[in-house]
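Structure assessment
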Amino acid sequence: MWEYTDKVKDHFLKPRNVGEIEDPDGVGEVGSLACGDALKLTFELDEQKRIKDAKFQTFGCASAIASSSALTEMIKGMTVEEAEKVTNEDIARYLGGLPKEKMHCSVMGRDALEKAISHYRGEPETKVEGEIVCECFGVTDVEIERVVRESHLASVEDVTDYTKAGGGCESCHEKIQEIIDKVHGKPHIVHRKPAPLTNIQKIKLIEETLEREIKPSLKQDGGDIELIDVDGNTVTVKLRGTCATCVASEVTLKHYVESKLREMVTPELIVEEVQ
Amino acid sequence: MRVIYTDNNATTQVAREVVEEMLPYFHDLYGNPSSMHSFGGQVAGKLKEARQKVASLTGATPDEILVTSCGTESDNTAIQAALASHPDKKHIITTRVEHPAVLNLCEYLAENGYRVTFLPVDRQGRLNPEDVYKSISNDTAIVSIMWANNETGVIFPIEEIAQEVRERGVVFHTDAVQAVGKIPINVQQVSVDMLSLSGHKLHGPKGIGALYVRKGTKFSPFLIGGHQERGRRGGTENVASIIGLGKACELAAAHISEENERVKYLRDKLENEILKRIPNAMVNGDRERRLPNTTSISFEYVEGEAILLMMNEFGICASSGSACTSGSLEPSHVLRAMGVPFTAAHGSIRFSLSIYNTEEEIDFIIEKLPPIIERLRELSPYWTHSKMEATAV
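Rules used throughout
Residues numbered from 1 in each chain as written. Chains lettered and ligands numbered in written order. Predicted model: local features only at pLDDT ≥ 70, side-chain atom pairs only at ≥ 80, totals over all residues. Heavy atoms only, no water. Axes fitted to C-alpha atoms, helices over the stretch in contact; angles between N-to-C directions. Helix = DSSP H or I, 4+ residues; strand = E, 2+ residues; numbered from the N terminus. Left-handed = near helix turned anticlockwise from the far one by under 90°. Contact = heavy atoms within 4.5 Å. Nonpolar A, V, L, I, M, F, W, Y, C, P; charged D, E, K, R; others polar. Pairing = 2+ DSSP bridges. 1 Å grid on protein atoms, 1.4 Å probe; cavity = no way out; pocket = protein on both sides within 12 Å on 5 of 7 lines; lining within 4 Å. Points joined across faces, edges and corners; volume = space filled by probe spheres on them. Domains from an automatic or database assignment. Buried area = accessible area lost by both parts, 1.4 Å probe. Salt bridge = Lys/Arg side-chain N within 4 Å of Asp/Glu carboxyl O. Polar contact = N/O pair within 3.5 Å; in protein donor to acceptor, adjacent residues only side chain to side chain. pLDDT = per-residue confidence, 0-100.

Residue and element names in this part refer to chain B. Taken N-terminus to C-terminus, the directions of helix H3 (residues 38-58) and helix H8 (residues 239-277) make an angle of 35°; their axes are 8 Å apart at the nearest point. Here the hand of the crossing between H3 and H8 comes out left-handed. Facing Val 43, Lys 46, Leu 47, Ala 50, Lys 53, Val 54 and Leu 57 of H3, the residues of H8 in contact are Val 239, Ile 242, Ile 243, Leu 245, Gly 246, Lys 247, Cys 249, Glu 250, Ala 252 and Ala 253. Taken together, the residues that form the contact of H3 with H8 break down as 12 nonpolar, 1 polar and 4 charged.

Right, here's the structure in full:
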């Protein structure tokens, strides 16, 4: 259940300016069926170069329809220069607010308006700017950066609410976070090189990692591991249980044991099995 | 405004008879069934009767019924119990169209050392039993497959699958939350080891469910506490709700033929009339093997939430397979698993009826829905395109 304002409900149930202007001065189309919402905006100008009429067609949820309807009402009577300044926040404000999860509907309105204006000015169709970050909804880093900056977004969830990016498979969440950090000027976390370990610290850490992380996981498959020696950065181990006879033991050793120890202890480690 | 409730797979109205049976247990008979005094002790007797009614609905015996707090708890208990009692086995088999109670649990387990096979379904939402058998290995601890799907109503061939899985010596659990009370189920004739059911899907109260555990099935409690439920689930009994669940099960048993005749007739009428009156509409799921009360219909080129809100203006309650919400902007996992095209998946509506629906209500929906779809299509840029293409051809 969405908490829509009366104004949103009104624009959804009685949308204004539905349709398509014939021979429009500007046309902007955004979204797609796959994304779940899409908007086609058309407008025409009068002699004073003011927007005389604007119409929309929208496929989408109630707030997508209401945002489109509101947008057409807002820009009528504006000059192109004035219309250009309309932001997604303005659309949301006009409607008395939108649920946070639905802010992307207002962003869609602004995007369509921008496209229609550049179409009117005869600017070449700008190809997708930037690099796709969210594969599910085809959202680029440039779009995410812009919305983070303009709407002061602070979390991945916010970005999803505003652009839908990250709302599908979620595999891009890390990238979105990086963009947010970049915009807010958070220093990129530089891994400070730790002070070199003493031999005794190193051996202790290796033992701990084996006990806590590696052994339990090998034991799930009926295997086990024993630490034989540590000489400089060379760790000698003996695989036991099913691991001892497993043809994939070399893989286990290098890809699992070694990489885990490198992660937890020091990246220079080399793991070898005692012959 | 009057409410026309066709969202019974989400939850149901608690039957008046159920409420009446429950009421004394709040204020008058509030004793603890475990108490030594007869004021509490008398409640234990009533609970026993209720448990008997729950058991009877599925052909179980009372001591095979474990009362839980909901369907989700039943599902979690079943799967965790099978894993805990087979600690050497690390493989789970389920399907891609399960309820989140099973699906998300299995995804969690997959991240924590278990191997999970999520079986696909075909375009009609059907499961190929051979896929289940092929996936079984010596390492398989449990097979968990829903009896009927909550979104499409498609019924899986649980009788056949359960039999084959048992012959291979693997525990079989079924989430029958949507099936119990809608279709006849008898655990004496079906080799399921565990079966989940929920009170609020069959006109009982919310917050109560049950897990059938066949005698002899290895079990390990999920909720550890007191001696209740014969030590298999701690916690003071939710007395009033158990009484309510018992009554609801008794009523469900009495209404099952009505469900499969009158409710099915209403569902078919609704579905056929919608398909007849609205172009570019299609039913999701196998129409031959389906719950009698459920229909999932997709309307191309329009979005589900918009349809729901327009129906809401007339008091019509249904649900959509496309929740346009943050965090789940994609159409439902069930429709995606079935490969329903995007043009249709975003505009899917599920109507799920109950014995409380009248023909007059169904006629009302049939009258109100076509103009809603038409109106939304007029707004949709894709509808004009597709119409233009159609006339060009």
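Glancing now at the sheet that holds strand E8 (residues 209-213) of chain B. Residues and elements named next belong to chain B. Taken in spatial order, the 7 strands line up as E2-E8-E7-E6-E5-E3-E4 in an open sheet, and their pairing is mixed. Edge positions in the sheet fall to strand E2 (65-68) and strand E4 (115-119), since each has one partner strand and no second. For this sheet, the mean inter-axis angle between neighbouring strands, taken without regard to orientation, is 20°. In the sheet, strand E7 (residues 194-198) pairs with E8 via 5 bridges, with the strands oriented antiparallel. If you follow Ser 196 over to E8, its bridge partner there is Leu 211. Across the sheet, H3 is in contact with E2, E7 and E8; its angle to E2 comes to roughly 115°. Its contacts with the sheet place helix H7 (residues 158-167) against strand E5 (140-144) and strand E6 (171-175), and it is angled at close to 160° to E6.

Residue and element names in this part refer to chain A. Mapped onto the elements, Val 142 comes out in helix H6 (residues 141-150). C-alpha separation for the pair Val 142 and Gly 130, spaced 12 residues apart in sequence, amounts to 5.4 Å. With residues near it in sequence (within four places) discarded, Val 142 still touches Glu 129 and Gly 130.

Further remarks concern empty space enclosed by the protein. A water-sized probe, rolled over the atoms, reveals where empty space remains. Residue and element names in this part refer to chain B. On inspection of all chains with the given rule, the structure shows 4 cavities of 30 Å³ or more. In this structure, the largest cavity encloses a volume near 170 Å³. Lining the largest cavity are 20 residues, with Gly 181, Leu 202, His 203, Ala 252 and Glu 259 sitting closest to its centre. Among the residues forming the lining of the largest cavity, the class breakdown is 10 nonpolar, 7 polar and 3 charged. When residues of the lining of the largest cavity are sorted by domain, at least three fall in each of domain 1 (4-10 + 256-392) and domain 2 (16-252).

Glancing now at the interface of chain A and chain B. Tallying the contact residues gives 37 residues for chain A and 29 residues for chain B. In this assembly, chain A packs against chain B so that about 2600 Å² is buried in total across both faces, 65% of it on carbon and sulfur atoms. Taken as a group, Leu13(A), Leu33(A) and Phe59(A) account for 23% of the area that chain A buries against chain B, more than any other trio of residues on that side. At the junction of chain A and chain B, the tally comes to 1 salt bridge. Put simply, Lys102(A) and Glu305(B) hold a salt bridge, and the shortest N to O gap is 2.6 Å. Taken together, the links from chain A to chain B amount to 5 residue pairs in polar contact (both at pLDDT 80 or more). Elements supplying a minimum of two residues to the side of chain A that touches chain B: helix H1 (6-13), strand E1 (26-32), strand E2 (37-45), strand E3 (51-59), helix H2 (62-75) and helix H7 (156-163) of chain A. Counting residues per element, the side of chain A that touches chain B draws most heavily on E3(A), at 4 residues.

The subject of this paragraph is the confidence of the model for chain B. Looking at chain B, pLDDT values average 93 and 96% of them are 70 or higher. The ipTM assigned to the predicted complex is 0.84, against a pTM of 0.80.

With that settled, the discussion passes to the pairing of E1(A). For a regular strand, side-chain orientation follows a simple rule: the groups alternate between the two sheet faces. Residues and elements named next belong to chain A. In terms of strand pairing, E1 meets E2 through 7 bridges, oriented antiparallel. Directly across from Val 30, in E2, lies its bridge partner Leu 39. Adjacent in sequence and paired antiparallel, E1 and E2 are bridged by 4 residues, among which Gly 36 carries a positive phi angle near 95°.

On to the domain arrangement of chain B. Residue and element names in this part refer to chain B. The domain architecture assigned to chain B consists of domain 1 (4-10 + 256-392) and domain 2 (16-252). For domain 1 and domain 2, the distance between their C-alpha centres works out to 30 Å. Across the boundary between the two partners, domain 1 contributes 31 residues, which contact 32 residues of domain 2. Carbon and sulfur atoms supply 54% of the area buried between domain 1 and domain 2, which totals about 2500 Å² over both sides. Sorting the residues of domain 1 by area buried against domain 2 places Ile 256, Arg 289 and Leu 291 first, and these three jointly supply 24% of that buried surface. Inspection of the domain 1/domain 2 interface yields 0 salt bridges. At the junction of domain 1 with domain 2, the criterion picks out 13 residue pairs in polar contact (both at pLDDT 80 or more). Across the side of domain 1 that touches domain 2, the residue classes tally to 13 nonpolar, 13 polar and 5 charged.

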